[in-house]
Amino acid sequence: MRLGVSRTDDHNTIRAAARAWVTANVPEAWHAASVGGRAAIRAVRPRSDYEAWYPTFADSGMAVATWPVAYGGLDLTVEQAKAIEDVIGPLNLGRLNPLGLHNAAPPLFAFGTEEQRLRFLPPIVRNEERWCQLFSEPGAGSDLASLSMKAELDGDEWVLSGQKVWSTWAHHSEFAICLARTDPDAPKRRGISYFLVDLRAPGVDVRELRHMGGEVDFNEVWLDEVRVPAFNLVGYVHDGWRVAGATLAGERQMVAGSGSGGVDRIGGSGADRLLATYRELGIDHPVTRDHLMRLHAEEHIRQSTNARVRATVKAGGTPGPGASIGKVHQGRLNQQLQLAACELSGMEAIAWEGDWLDDMPYATKGMIRSRANTIEGGTTEVNKNVLGEQVLGLPREPDPYHGVAWKETPR
Ligand SMILES: Cc1cc2nc3c(=O)[nH]c(=O)nc-3n(C[C@H](O)[C@H](O)[C@H](O)COP(=O)(O)OP(=O)(O)OC[C@H]3O[C@@H](n4cnc5c(N)ncnc54)[C@H](O)[C@@H]3O)c2cc1C
């Protein structure tokens, strides 16, 4: 049931409506567990239960409170949406379908047609169509614009062929945003188009990749003459690089935590958790305390950077280099936080009884996963290049193939 609030309501009215909705719709056991924090909620709320219940939350409009009502939101301001967060934050009602919300939706808002938004956004919000991102290729990661996947127009359909890699959650997704080359005669950034691909179409082959934590998070995806309706092209033909900019900015914000529902919400404050563990274990050591306080202070700095990015976006600006600063900082900081969590756990973090994967301690999983933070969503080195050029005014990286047709460039 949609929350009965609008832009004319004050924050108290919105908070009261959200509280009433929570009382009526959130299962009592989850509510009761929330006093014990996220770990207590996780203990009574298996992911499958949360996924089954999620449409109830999505239908309230609170999952995307600032989006227009027609796309599944409540049309509230960012400030009003914060009043909702005050109520649902402690219940840890995380948004499902993050790549749909943060990677697919921004370009639809910025470059899509109204028909495309009405077709694709509501199922993203309800988690009925889950999304992944088909950008990286074996020969195109940091230098994404050199990508080779081919797209040719045949009547009113595009035919896509090629290979993508590192495609997070493709094995659980119904749709993908996908970059493909539509003009090999143009310089590399000018011959790319942006497509929405139905992964259930004939010719799609998703192959799972197991990462060093032992789990399957990402995949190789092969497209063999996959037919994509012309309706699913976002923006103009050959102009996909500009459209991809909206996705990459949304992704950087998500990874840095400056987008709504970022790491601050999903993972909780890492330093706060560490300090709580430090107290619970009864450790009293000046060097450890100093280290944790440094991490705590750094986390506040990162949160301030994220708040600045959010304020810029709210004022109608683009996230700009601030998103890269947050991304670089968050990657390094999270690795330090996760490592510190393992150090606090002591031997438990490196040796445990039972299955090495199923029984792996939470801290160890977090530490292993955090190694990817400086790679995913653009590497730290590449983001530093962006900052060097856009913030420090350093010379651009030389590109000996500037202006040369993509098909003439070495790959
Ligand atoms: C957990 C995870 C999830 C991911 N999910 C997705 C996804 O869902 N969809 C998707 O499309 N991709 C995804 N990726 C891929 C990711 O975007 C790429 O790994 C990333 O852009 C780097 O590309 P690469 O791996 O090809 O490394 P390369 O580009 O080959 O880089 C190798 C090394 O060289 C450095 N380097 C490269 N160019 C420069 C330069 N110009 N200056 C300085 N140093 C440079 C890099 O920093 C890096 O250290 C994911 C990656 C990870 C780790």
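Residues numbered from 1 in each chain as written. Predicted model: local features only at pLDDT ≥ 70, side-chain atom pairs only at ≥ 80, totals over all residues.

Caption draft 1: Highlighting the environment of Glu137. With respect to the secondary-structure elements, Glu137 resides in the loop between strand 1 (131–134) and strand 2 (150–154). Spatially, the C-alpha atom of Glu137 lies 6.6 Å from that of Leu147, the residues being 10 residues apart in sequence. Once residues within four sequence positions are removed from consideration, Glu137 is found in contact with Leu147, Ser148, Met149, Gln163, Lys164 and Val165. (Helix = DSSP H or I, 4+ residues; strand = E, 2+ residues; numbered from the N terminus. Contact = placed C-beta atoms within 7 Å.)

Caption draft 2: Expanded view of the site of the ligand. As a matter of local geometry, the ligand sits amid 19 residues, with Phe135, Gly141, Ser142, Thr379 and Glu381 nearest to it. Elements that contribute at least two residues to the shell around the ligand include exactly strand 1 and helix 14 (380–390). A per-class count over the shell around the ligand returns seven nonpolar, nine polar and three charged. Residue contributions to the shell around the ligand reach at least three from each of two domains, namely domain 2 (105–241) and domain 3 (257–390). (Near = placed C-beta within 6 Å. Nonpolar A, V, L, I, M, F, W, Y, C, P; charged D, E, K, R; others polar. Domains from an automatic or database assignment.)

Caption draft 3: Region of interest: the domain arrangement of the protein. Domain assignment breaks the protein into domain 1 (11–94), domain 2 (105–241) and domain 3 (257–390). One C-alpha centre belongs to domain 1, the other to domain 2, and the line joining them spans 31 Å. Across the boundary between the two partners, domain 1 contributes eight residues, which contact seven residues of domain 2. Residue composition of the side of domain 1 that touches domain 2, grouped by class: seven nonpolar, one polar and no charged.

Caption draft 4: Structural view of the nonpolar core. In this structure, Leu160, Ala176, Cys178, Phe195 and Val197 are the most contacted members of the largest nonpolar core, which totals 63 residues. Take this core: its biggest share by element is six residues, from strand 4 (residues 175–181). Beyond its immediate chain neighbours, meaning those up to four positions away, Leu160 contacts Met149, Ala151, Cys178, Ala180, Phe195, Val197, Leu223, Val226 and Val228. (Core = buried A, V, L, I, M, F, W, Y, C linked by C-beta atoms within 7 Å. Buried ≥ 20, exposed ≤ 12 C-beta atoms within 10 Å, placed from the backbone.)

Caption draft 5: Structural view of the confidence of the model for the protein. Chain-level statistics for the protein give a pLDDT mean of 91 and a share of 96% at 70 or above. In the predicted structure, residues 259–268 sits below a pLDDT of 50 and forms 22 contacts with residues beyond four places in sequence or in another chain. (pLDDT = per-residue confidence, 0-100.)

Caption draft 6: Molecular detail of helix 7 (residues 114–125). Across its 12 residues, helix 7 extends 16 Å between first and last C-alpha, which sits within 8% of the 16 Å expected from 1.5 Å per residue. For helix 7, the complete set of buried residues consists of Phe120, Leu121, Ile124 and Val125. Buried positions in helix 7, seen along its axis, are confined to an arc of 130° and lie on one side of it. The exposed residues of helix 7 that point more than 90 degrees off its buried face are Glu115 and Leu118. Taken together, the buried residues of helix 7 touch helix 4 (47–59), helix 6 (98–111), strand 1 and strand 5 (192–198). Asn127, located one to two residues past helix 7, shows a positive phi value of around 65°. (Expected span 1.5 Å × (residues − 1). Arc of directions from axis to C-beta.)

Caption draft 7: Summary view of the packing of helix 12 (residues 321–345) against helix 14. The interhelical angle for the contact between helix 12 and helix 14, taken along N-to-C directions, is 145°, at an axis separation of 9 Å. Classified by chirality, the crossing of helix 14 by helix 12 is left-handed. Only Thr380, Asn383, Lys384, Val386, Leu387 and Gln390 of helix 14 make contact with helix 12, whose side of the interface consists of Pro321, Ser324, Ile325, Lys327, Val328 and Gly331. Split into classes, the residues belonging to the contact of helix 12 with helix 14 amount to five nonpolar, five polar and two charged. (Axes fitted to C-alpha atoms, helices over the stretch in contact; angles between N-to-C directions. Left-handed = near helix turned anticlockwise from the far one by under 90°.)

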